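Given next are the chains, with one letter for each unit.
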Amino acid sequence: METIVFYVFSAFMILSALMVITVHNPVRAAFFLVLTFFSSAAVWLLLEAEFLAIILIIVYVGAVMVLFLFVVMMLDVNLAELKKGFVKNLPLAVIVALAMFAMIFMVVGGEQFGVQNFAVPERHAADYSNVSALGQLLYTEYVYSFEIAAVILLVGIVAAISLTLRRRPNTRHQKVEDQVAVKGADRLRVVKVESQPRKHTIDNAEVKK
Amino acid sequence: MVDLILSIYEIPIINILVKIIAILVPLLLTVAYFTYFERKIIGYMQVRIGPNRVGPRGWLQPIADAMKLMFKEIIFPSGANKILFTIAPTLTIATALAAWAVIPFGAEMVLADLNVALLYILAMTSVGVYGVILAGWSSNSKYAIMSTLRTAAQVVSYEIAMGFALVGVVMAARSLNIGDIVAGQSGSIWGWYMWPLLPLFVIYFISGVAETNRAPFDVAEGESEIVAGFHVEYSGILFAIFFLAEYANMILISIMAALLFMGGWLSPFQGVEFLGLGSSFLAGSSIVWLLSKTAIFMFLFLWFRATFPRYRYDQIMRLGWKVFIPITIVWIYVIGIMYYAELAPWFIKG
């Protein structure tokens, strides 16, 4: 049963990963990437890494890919323009692709990550919690690398904000703090008008008499 | 005969199927009558009567609506991507219903007792936004795509505030399992997490309203600006599915608020000395308490819709990023302090 599930999701993962790079429409490619993330999350679930699987879905599927799609949908990608230099650059592209493949293969290929290098992972008991196991490791053994990662992320945030937060004196924009601080009296003037009898109605009434 | 039925029930797949049906059928009925109550309650708030023609007091109105939508023609807009156009509502309803798998209705009444239930629900709601994105993109319509962009930005922003609010709950309960979180609130009404986590409670619910694209955050539909938003091109049963998913999500947010902050199935009379209420049948845990707490939040959704005007888009973004997220981060520190001070009755170390 588990083997069948594994092969189904692996096949989905590889197929959709292939579709990401072969499909013409960039929006569809992004959707296939979502499917790839989803299938890999399912494979992680089989490894009893439920925390990682669900975080993968929340972060990559739920946030990163949404923003990615956001950008891809807004861009008007001209496919003919993109394909113009295809034949001319093909030899160079093939060489670069092969070099990349060789490098990746040497690092994560069968030599290092083959099945023969690892024992079959043993089943955990029913009360095993992937969350607390990860937490224990992250905050004790790997606390420094964890903190370094956090600082790098912080630097990323600061950099991203400082890139967009440039002064543009000539643009018009709303000052939200002024809008929030506004009081009724600033916008609305209540004019006191003395009440007086309606002359015409009285006249009409007298006429009718 | 009874033995036969029991033995069939023992088969795992049948067992799970029965449980799924036992959750889904009441859920869908609740959705149907939630729409009826929405129209009635908003009607009364605006000094109208609301639906009262179909059946006694209009009780059959939701059934009539469902029948009408089911038999209407599905129109595909020209240039629309038919496959994605039909996948979009399917994805929306699938995630909206799948989230209910981990919701416990009592100490033992839960379909899937996950260790990461809270994260699973967050994941399902965040995947649900793809239904909206796909619908808007595949409709080949300007209004729909505009709504899609609005929704994507809004849901992603409010998810962060909601996630931080849930971090507070997890810190207090020291577990991601919803059953454990409810168990951590037992004792008395003062043991509920809504007291120490009051700001997070408020932020959680408001973010939930924004996440489900309900008024006053319903810029995704914004009928005065972009007609009906992402489902402007949808008709018949496909539109009905979007509708169903939206209401199922509202009920999900309500029941989560009841479970995480208001003690779920625990009785408010637990541990009350006055008149011996604490030892009477009222103090027992029961699904009735959970459902009535959920009903309070469901009513709030309708009340909001009848009361507040729609937010302006930049104000929505400001509220999410500049108000809610800083408050939640500050309150996470406050929880840390309360935790070290071992503030009774919530933060007693086990």
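From a predicted model like this one, the values you see are computed outputs, not experimental measurements.

### Structural notes on the overall build of chain A
So, point 1. Scanning chain A for helices and strands turns up 11 helices and zero strands.
So, point 2. When the elements of chain A are put in sequence order from the N terminus, they spell out α-α-α-α-α-α-α-α-α-α-α.
So, point 3. Since a compact globule built from 209 residues should have a radius of gyration of about 17 Å, the 32 Å found for chain A marks it as more spread out than a globular shape.
So, point 4. Dimensions of chain A along its principal axes, counting C-alpha atoms only, are 110 × 60 × 45 Å.
So, point 5. Residues counted as buried form 17% of the 209 residues belonging to chain A.
So, point 6. The long-range share in chain A, meaning contacts at least 24 apart out of those at least 6 apart in sequence, stands at 55%.
So, point 7. If you sum the accessible surface of chain A, you get close to 17500 Å²; carbon and sulfur atoms cover 69% of it.

### Here's the deal with the domain arrangement of chain A
So, point 1. We note that the domain assignment places domain 1 (1-78), domain 2 (90-120) and domain 3 (129-165) within chain A.
So, point 2. Placing the centre of domain 1 of chain A and that of domain 3 of chain A at their C-alpha centroids yields a distance of 24 Å.

### Thoughts on the layout of surface pockets
So, point 1. In this structure, the largest pocket spans a volume of roughly 2600 Å³.
So, point 2. What lines the largest pocket is a set of 47 residues, and nearest its centre among them are Phe 51, Ile 55 and Tyr 139 of chain A together with Phe 164 and Val 167 of chain B.
So, point 3. The set of elements that each furnish at least two residues to the lining of the largest pocket consists of α3 (50-74), α7 (130-139) and α8 (143-164) of chain A together with α5 (117-138), α6 (142-173) and α12 (313-340) of chain B.
So, point 4. With 11 residues, α6 of chain B is the largest single contributor of residues to the lining of the largest pocket.

### Things to note about the interface of chain A and chain B
So, point 1. Contacts between the two partners involve 27 residues from chain A, matched on the other side by 25 residues from chain B.
So, point 2. When the two sides are added together, the surface that chain A and chain B hide from each other amounts to roughly 2200 Å², 78% of it contributed by carbon and sulfur.
So, point 3. Between chain A and chain B we count zero salt bridges in total.
So, point 4. Where chain A packs against chain B, one counts two residue pairs in polar contact (both at pLDDT 80 or more).
So, point 5. At the level of secondary structure, the elements contributing two or more residues to the side of chain A that touches chain B comprise α2 (26-46), α3 and α9 (176-181) of chain A.
So, point 6. Top contributing element to the side of chain A that touches chain B by residue count: α3 of chain A, with 14 residues.

### Notes on α6 of chain B
For an α-helix, 3.6 residues make a turn, and residues three or four places apart therefore share a direction.
All names here are of chain B.
So, point 1. Counted at 1.5 Å a residue, the expected span for α6 with its 32 residues is 46 Å, and the 46 Å between its end C-alpha atoms agrees.
So, point 2. For α6, the buried fraction is high: 23 of the 32 residues fall into the buried class.
So, point 3. One side-chain oxygen of the residue at the start of α6 lies 3.5 Å from the amide nitrogen of Tyr 143, identifying that residue as Ser 141.
So, point 4. Downstream of α6 by one or two residues, Arg 174 has phi in the positive range, about 55°.

### Quick word on the packing of aromatic side chains
Residues and elements named next belong to chain B.
So, point 1. Taken as a whole and judged by the stated rule, the model has 28 aromatic pairs over all chains.
So, point 2. Measuring from ring centre to ring centre gives 5.6 Å for Phe 34 and Tyr 247, while their planes differ by 85°; the resulting arrangement is edge-to-face. Of this pair, Phe 34 sits in helix α2 (residues 12-45) while Tyr 247 sits in helix α10 (residues 236-261), and the two are 213 residues apart along the sequence.
So, point 3. Judged by relative accessible area, which is 4%, Phe 34 ranks as buried.
So, point 4. Between the aromatic rings of Phe 243 and Tyr 247, the centroid separation amounts to 5.0 Å while the plane-to-plane angle is 40°, which identifies the pairing as tilted. In this pair, Phe 243 and Tyr 247 both sit in helix α10, four residues apart, roughly one turn of the helix.
So, point 5. Three or more aromatic residues joined by ring pairs form one cluster here, namely Phe 201, Tyr 204, Phe 205, Phe 261, Phe 297, Phe 301, Phe 304 and Phe 308.

Criteria and thresholds
Residues numbered from 1 in each chain as written. Chains lettered and ligands numbered in written order. Predicted model: local features only at pLDDT ≥ 70, side-chain atom pairs only at ≥ 80, totals over all residues. Heavy atoms only, no water. Helix = DSSP H or I, 4+ residues; strand = E, 2+ residues; numbered from the N terminus. Rg over C-alpha atoms; globule rule 2.2 N^0.38 Å. Buried < 20%, exposed > 50% of the residue type's maximum accessible area, 1.4 Å probe, protein only. Contact = heavy atoms within 4.5 Å. Areas by Shrake-Rupley, 256 points an atom, 1.4 Å probe, with all protein chains shown as cover. Domains from an automatic or database assignment. 1 Å grid on protein atoms, 1.4 Å probe; cavity = no way out; pocket = protein on both sides within 12 Å on 5 of 7 lines; lining within 4 Å. Points joined across faces, edges and corners; volume = space filled by probe spheres on them. Buried area = accessible area lost by both parts, 1.4 Å probe. Salt bridge = Lys/Arg side-chain N within 4 Å of Asp/Glu carboxyl O. Polar contact = N/O pair within 3.5 Å; in protein donor to acceptor, adjacent residues only side chain to side chain. Expected span 1.5 Å × (residues − 1). Phe/Tyr/Trp six-rings, centres within 6.5 Å; stacked < 30°, edge-to-face > 60°.

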